[in-house]
Amino acid sequence: MKYLLILLVCLLPVFSHAGEATDMAADPVLEKRMIGLAENLRCLVCQNESLASSHSELAEDLRREVREQMQKGLSDQEIIDYLVSRYGDFVLYDPPLKKSTLILWFGPFALLLAGAGMLVYQLRKRKSRIPEAELSAEDAQRAASLLDETAEPSNQPKDNRA
Amino acid sequence: MMRFILPFVVFMIMAAFMYVGLGLNPREVPSPLVGKAAPAFTLPQLHEPSKQFSPQDMKGKVWLFNVWASWCTACEGEHPLFMELSRKNIVPIYGMDYKDKRENGEAWLRKHGNPYTLVVSDIEGRVGIDYGVYGVPETYLIDKQGIIRHKQIGAVTPEILDETILPLIKELQAK
């Protein structure tokens with residue numbers, strides 16, 4: 001009995017799946033189009049949820065509005081324009097390129113360029129700070145002899161078979 | 001010396017951006033309706049549902065349009081300001097009971113007082129969408145030509161009333 005209960009509890013998620021917040025709709029094709037559009041629109045109350053997934057009352061009302069405008073035969077763009085005229089660019093997840101959004105669009109690239117510029121500048125500076133070291137004839141000879149010494153054993157491998 | 005100045009300057013710039021950015025209210029979405037004509041509507045009045053009201057009736061007057069609801073707690077906060085403003089008789093205040101039951105709206109006004117010249121009820125919230133309402137209370141200042149001149153999102157505070165709304169009302173009434 002206990003195990004049956006545990007099994008039942010484990011199976012619960014199968015029956016309760018969280019989907020998009022859908023309202024009752026008579027027309028599944030229209031509903032699909034509405035959800036497709038609403039996925040790209042931001043809910044104003046919850047701010048980080050799309051209009052399609054939000055359960056807030058305003059989102060429900062806005063979905064109803066979108067649905068009704070679709071029934072009236074308006075195009076997706078006309079509906080988006082309507083919502084933007086009421087709520088501003090804020091409702092768009094894909095903000096348009098204009099004067100006030102220039103920083104938004106190009107800011108990251110400007111920062112990247114600035115960072116790359118800094119990097120190149122610093123590397124160049126470092127290169128000029130470390131001068132090429134000139135070896136005196138004496139030092140060069142010593143270095144060569146040291147290298148020879150360490151190189152010798154590998155030139156004449158010891159006979160390990162003995 | 002340069003080694004210290006440059007990072008310091010960069011840090012100060014970042015700090016300035018953050019200081020300003022964190023001071024902004026993310027709930028305050030700039031309304032595209034400011035400077036545009038107030039959307040037309042015709043709604044039944046709250047107290048006399050058989051009578052209607054539409055903003056076209058207000059042509060030639062500067063007026064405040066306050067969106068509230070009985071379920072809205074922030075509305076209780078700003079309500080005394082409107083009560084006081086209506087006593088001073090500076091500007092007509094029209095109310096819209098947003099997504100509310102008629103009897104709840106009426107009961108709320110009985111309890112807190114009614115500063116409104118007239119209240120319309122937007123039971124389904126359709127006019128609210130037309131006005132870009134997303135967080136009650138919201139208040140619109142509309143001029144003689146029916147253009148929205150100011151939109152207050154959230155409760156009106158004494159500071160906003162004295163420093164922004166009242167001077168703007170005077171300016172618009174003088175025109």
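Residues numbered from 1 in each chain as written. Chains lettered and ligands numbered in written order. Predicted model: local features only at pLDDT ≥ 70, side-chain atom pairs only at ≥ 80, totals over all residues.

Here we come to the overall build of chain B. Across its full length, chain B holds five helices and seven strands. Each helix and strand of chain B, placed in order from N terminus to C terminus, yields the pattern α-β-β-β-α-β-α-β-α-β-β-α. Rg of the C-alpha trace for chain B: 20 Å, well past the compact-globule value of 16 Å for 175 residues, more than 25% over. Taken along the three principal axes of its C-alpha coordinates, chain B extends 80 × 35 × 30 Å. Once local pairs closer than 6 in sequence are excluded, the contacts in chain B between residues at least 24 apart make up 72%. (Helix = DSSP H or I, 4+ residues; strand = E, 2+ residues; numbered from the N terminus. Rg over C-alpha atoms; globule rule 2.2 N^0.38 Å. Contact = placed C-beta atoms within 7 Å.)

All names here are of chain B. In terms of burial, strand S4 (residues 93-98) is a largely internal element, five of the six residues being buried. Relative to S4, strand S3 (residues 63-68) is paired through five bridges, and the arrangement is parallel. Each bridged residue has a counterpart across the sheet, and for Asn66 the counterpart in S4 is Gly95. For the crossover from S3 across helix H2 (residues 73-88) to S4, the handedness is right-handed. In terms of strand pairing, S4 meets strand S5 (residues 118-122) through five bridges, oriented parallel. By the bridge assignment for S5, Asp97 is matched with Ser121. Read as a crossover between parallel neighbours, the route from S4 over helix H3 (residues 102-112) to S5 is right-handed. (Buried ≥ 20, exposed ≤ 12 C-beta atoms within 10 Å, placed from the backbone. Pairing = 2+ DSSP bridges. Right-handed = clockwise from strand over helix to strand, strands pointing away.)

Chain B puts 13 residues into the contact, and the matching count from chain A is 14 residues. Within the side of chain B that touches chain A, the residues separate by chemical class into seven nonpolar, four polar and two charged. (Nonpolar A, V, L, I, M, F, W, Y, C, P; charged D, E, K, R; others polar.)

Residue pairs three or four apart in sequence face the same way in an α-helix, which turns once every 3.6 residues. Relative to the 32 Å expected for 22 residues at 1.5 Å per residue, helix H1 (residues 2-23) of chain B spans 31 Å between its end C-alpha atoms, a close match to the ideal helical length. Across the 22 residues that make up H1 of chain B, only a small minority, zero, are buried. (Expected span 1.5 Å × (residues − 1).)

We now examine the nonpolar core. Core analysis: the biggest nonpolar cluster contains 55 residues, and Ala38 of chain A together with Val136 and Ile142 of chain B have the highest contact counts within it. What Ala38 of chain A contacts, discounting residues up to four positions off in sequence, is Ser50, Leu51, Ala52, Arg63 and Val66 of chain A. (Core = buried A, V, L, I, M, F, W, Y, C linked by C-beta atoms within 7 Å.)

Next up on the list: the domain arrangement of chain A. For chain A, the assigned domains read domain 1 (20-95) and domain 2 (97-128). Averaged C-alpha coordinates put domain 1 of chain A and domain 2 of chain A at centres separated by 37 Å. (Domains from an automatic or database assignment.)

Attention now moves to the sheet that holds S3 of chain B. Residues and elements named next belong to chain B. The strand order across the open sheet built from five strands is S5-S4-S3-S6-S7, with neighbouring strands paired in mixed fashion. What marks the edges here is a single partner per strand, and that holds for S5 and strand S7 (148-153). Averaged over all neighbouring strand pairs, the angle between strand axes comes to 20 degrees, with direction disregarded. (Axes fitted to C-alpha atoms, helices over the stretch in contact; angles between N-to-C directions.)

For the rest of this paragraph, the subject is the packing of helix H2 (residues 28-38) of chain A against helix H3 (residues 57-71) of chain A. A pair of packed helices is captured by two measures, namely the crossing angle of their axes and the spacing between those axes. Residues and elements named next belong to chain A. It is at 10 Å that the axes of H2 and H3 come closest, and there the two elements cross at 125 degrees. Here H3 runs oblique to H2, going by the angle between their axes. By crossing handedness, the relation of H2 to H3 is classed as right-handed. Residues Leu30, Arg33, Met34, Leu37 and Ala38 of H2 form the contact with H3, whose participating residues are Arg63, Val66, Arg67, Met70 and Gln71. Here the contact of H2 with H3 is built from residues that sort into six nonpolar, one polar and three charged. (Parallel < 35°, antiparallel > 145°, perpendicular 65-115°, else oblique. Left-handed = near helix turned anticlockwise from the far one by under 90°.)

Residue and element names in this part refer to chain B. On the secondary structure map, Ile169 appears in helix H5 (residues 158-174). With 21 C-beta atoms packed within 10 Å, Ile169 lands in the buried category. Separated by 16 residues in the primary sequence, Ile169 and Ile153 place their C-alpha atoms 17 Å from one another. If sequence neighbours within four positions are ignored, Ile169 has contacts with Val62, Ile90, Val91 and Leu141.

Residue and element names in this part refer to chain B. Position of Met83 relative to the elements: it lies in helix H2. Through-space distance from the C-alpha of Met83 to that of Pro167 is 19 Å; in sequence the pair is 84 residues apart. Residues in contact with Met83, not counting those within four places in the same chain, are Gly113 and Pro115.

This part covers H3 of chain B. All names here are of chain B. Of the positions making up H3, those classed as buried are Gly105, Trp108 and Leu109. The buried residues of H3 occupy an angular sector of 95 degrees when projected down its axis, which confines them to one face. Exposed residues on H3 whose side chains face more than 90 degrees from its buried face are Glu103, Ala107, Arg110 and Lys111. Taken together, the buried residues of H3 touch S4 and S5. One or two steps after H3, the chain reaches Gly113, where phi turns positive at roughly 95 degrees. (Arc of directions from axis to C-beta.)

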